[in-house]
Amino acid sequence: MNLVVSNVSLTLVTGLVLVAVFISYREKLGLNKDIIIGVIRTVIQLTVVGYLLKYVFKINNWVVTLLMILIIIINAADNARKRGPGIENAFFISFIAILTSTVVVVGTLIATGSLKMIPAQIIPFSGMVASNTMVAIGLCYRNLNASFRDQRQQVIEKLALGAEIKLASRSIVAESVRAGMSPTIDSAKTVGLVSLPGMMSGLIIAGVDPVKAIKYQIMVMFMLLATTAIGSVIACYLAYRKFYNSKMQLK
Amino acid sequence: MAVIEFKQVSYQVGDKKILNQLDLEVADNDYLTIVGLSGGGKSTILTLMAQMISATSGEIDFQGQNVMELDPVKYRREVSYCVQRPALFGETVEDNLKFPAEVRGVEYNRDRALELMARVQLPASMMDQKVIEVSGGERQRIALLRNLMYLPKVLLLDEITTGLDAENKAIVWNLIRAVHQEEQIAIVSVTHDQQEIENAEKVIAVVDGRISR
């Protein structure tokens, strides 16, 4: 490992925060408070997580590892819920979607031998899967809310012609799944050309041969495609029903 | 016999009473025209009949059975609702005429669609036309045909000729009168159209959520 950030360097880099604060002050953005809170939270959260991960990796106990993953998924589900105001049971739906995509994707990586059954590999990958599913689900919710509002009339007409709610919502659901998946598909198309993704950059900075680093990144991209697909489909199919009442009327 | 019966039906949103203990009967072969000022509750009667909303209190019966106990999907295939200024679905005109078959999970009857198109003076060539290219009058006619691909027992029409020119209105009304007479379909039509009101068989006026006698 040839990468160490000393405490002195880190303190000096704090100067970068002042740049953000200065801009906010000069441009009267009113973001100073948010920046300071953000900085403090970053330091505290990451420090806690750093020590926590060190401990979890050291004791290498599967119960603790699963608990850690569960906490990650719960947090991700709670965050996704906030993107779907008005959608009943959004937390539960998000939880099911994120849990399923994490189990399927990380399970596949373990089964294929791409990941080892050790906390140091499973936890970071579960985190990546959960956070990407969270973002995808958030986009799905936003699209569902917008489409059920904008296409209300069309949905009513379909119901009026005797359509089941599934058929009446089909185009909206498809559009929303697409909305959840498209950022990942776009990034799969431009990866390496526009940005060097975090995973790969991290490995390269840590001294890994770039040719080896890309293998990991390819795996990550495939993983994220599956992740967002699974998460978006589950979330959309569970959530669209919430736009109707038991008499199959739009709420 | 009453096909649809409202018994003391009220509907309110928040504190606002839109319909107030309304009694109403639509008989088997009725052609009922509902008139009244905007905001008086006319369209609410239709959306209740279509079960797009449920009554706050009172009971709505369909052929003697409380609609709350019926499967809404099956019910809506019998009591078909055509909205004001409808939107078309899918890409082409034909997608719209296929939709009722899709809803029922049966094979699409293209001959029936062509026959109906001819009755409202739409050429067969229009089947493949993109929905965004059709005019307002054509859109209204196509939307109405969706309701008639499979004949309902009751047809609910919400100001469907609003904004149409005289020629388009005549085409639409000719078809509606024909299905009413030939197929014995009950019609409930909400309208502001003076000519339609003058020609109506049976008119009721709704004022402030009540039927004014």
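Definitions and cut-offs
Residues numbered from 1 in each chain as written. Chains lettered and ligands numbered in written order. Predicted model: local features only at pLDDT ≥ 70, side-chain atom pairs only at ≥ 80, totals over all residues. Helix = DSSP H or I, 4+ residues; strand = E, 2+ residues; numbered from the N terminus. Contact = placed C-beta atoms within 7 Å. Domains from an automatic or database assignment. Nonpolar A, V, L, I, M, F, W, Y, C, P; charged D, E, K, R; others polar. Axes fitted to C-alpha atoms, helices over the stretch in contact; angles between N-to-C directions. Parallel < 35°, antiparallel > 145°, perpendicular 65-115°, else oblique. Left-handed = near helix turned anticlockwise from the far one by under 90°. Pairing = 2+ DSSP bridges. Core = buried A, V, L, I, M, F, W, Y, C linked by C-beta atoms within 7 Å. Buried ≥ 20, exposed ≤ 12 C-beta atoms within 10 Å, placed from the backbone.

This next bit is on the overall build of chain A. Counting its secondary structure elements, chain A contains 10 helices and 0 strands. In sequence order, the secondary structure elements of chain A are arranged as α-α-α-α-α-α-α-α-α-α. By sequence separation, contacts in chain A at least 24 residues apart represent 72% of the contacts at least 6 residues apart.

This paragraph deals with the domain arrangement of chain A. Residues and elements named next belong to chain A. Assigned domains of chain A: these are domain 1 (1–59) and domain 2 (61–243). Measuring from the centre of the C-alpha atoms in domain 1 to the corresponding centre in domain 2 gives 27 Å. Of the residues lining the interface, 7 residues belong to domain 1; the matching set on domain 2 comes to 10 residues. When the residues that make up the side of domain 1 that touches domain 2 are grouped by side-chain class, the tally is 6 nonpolar, 1 polar and no charged.

The next thing to look at is the packing of helix α3 (residues 93–104) of chain B against helix α5 (residues 136–148) of chain B. Between two packed helices, both the angle of their axes relative to each other and the distance between the axes serve to describe the pair. Residue and element names in this part refer to chain B. For the pair α3 and α5, the least separation of the axes is 8 Å and the interaxial angle reads 20°. Taken together, the axis directions place α3 and α5 in an arrangement best described as roughly parallel. Pair α3 / α5 crosses with right-handed handedness. For the pair formed by α3 and α5, the contact residues are V93, N96, L97, F99 and P100 on the first element and I142, L145 and R146 on the second.

Turning our attention to unusual backbone geometry. Residue and element names in this part refer to chain B. Residues other than glycine seldom take positive phi values, yet Q21 does so here, at roughly 45°. Residue placement: Q21 occurs in strand β2 (residues 16–27). A positive phi angle is found at Q51, which is not glycine, with a value near 60°.

All names here are of chain B. Within the open sheet, the 4 strands sit side by side as β2-β1-β4-β5. Their pairing is antiparallel. Either end of the sheet is taken by a strand with one partner, and the two such strands are β2 and β5 (65–66). Alignment of strand β1 (residues 2–13) against strand β4 (residues 57–62), held across 5 bridges, turns out to be antiparallel. Across the sheet, the residue bridging to K7 is E59, located in β4.

As a further point, take the interface of chain A and chain B. Of the residues lining the interface, 15 residues belong to chain A; the matching set on chain B comes to 21 residues. Counting residues per element, the side of chain A that touches chain B draws most heavily on helix α7 (residues 152–160) of chain A, which supplies 7 residues.

What follows covers the sheet that holds strand β8 (residues 186–190) of chain B. Residue and element names in this part refer to chain B. Spatial strand order, β6-β7-β8-β3-β9-β10: 6 strands in an open sheet with mixed pairing. Two strands bound the open sheet, and with one partner strand each, they are β6 (79–82) and β10 (210–212). The sheet shows a mean angle of 25° between the axes of neighbouring strands, direction not considered. With 3 bridges connecting them, strand β9 (residues 202–207) and β10 associate as antiparallel partners. Looking at the pairing, A205 lines up with S212 of β10. Helix α1 (residues 42–49) rests against β3 (31–35), β6, β7 (154–158), β8 and β9 of the sheet, and its axis sits at about 145° to β8.

Core analysis: the biggest nonpolar cluster contains 111 residues, and C140 and C236 of chain A together with M49, V154, L156 and V188 of chain B have the highest contact counts within it. Among the elements that make up this core, the one with the highest residue count is helix α6 (residues 119–150) of chain A (14 residues). The residues contacting M49 of chain B, other than those within four sequence positions of it, are I4, V79, L156 and V188 of chain B.

Turning to the pairing of β6 of chain B, a few remarks are in order. Residue and element names in this part refer to chain B. In β6, alternate side chains face the same way, and those of V79 and Y81 on one face and S80 and C82 on the other are all buried. Of the strand pairs in this sheet, β6 and β7 are connected by 4 bridges, and their pairing is parallel. Note on β7: the bridge partner recorded for Y81 is L156.

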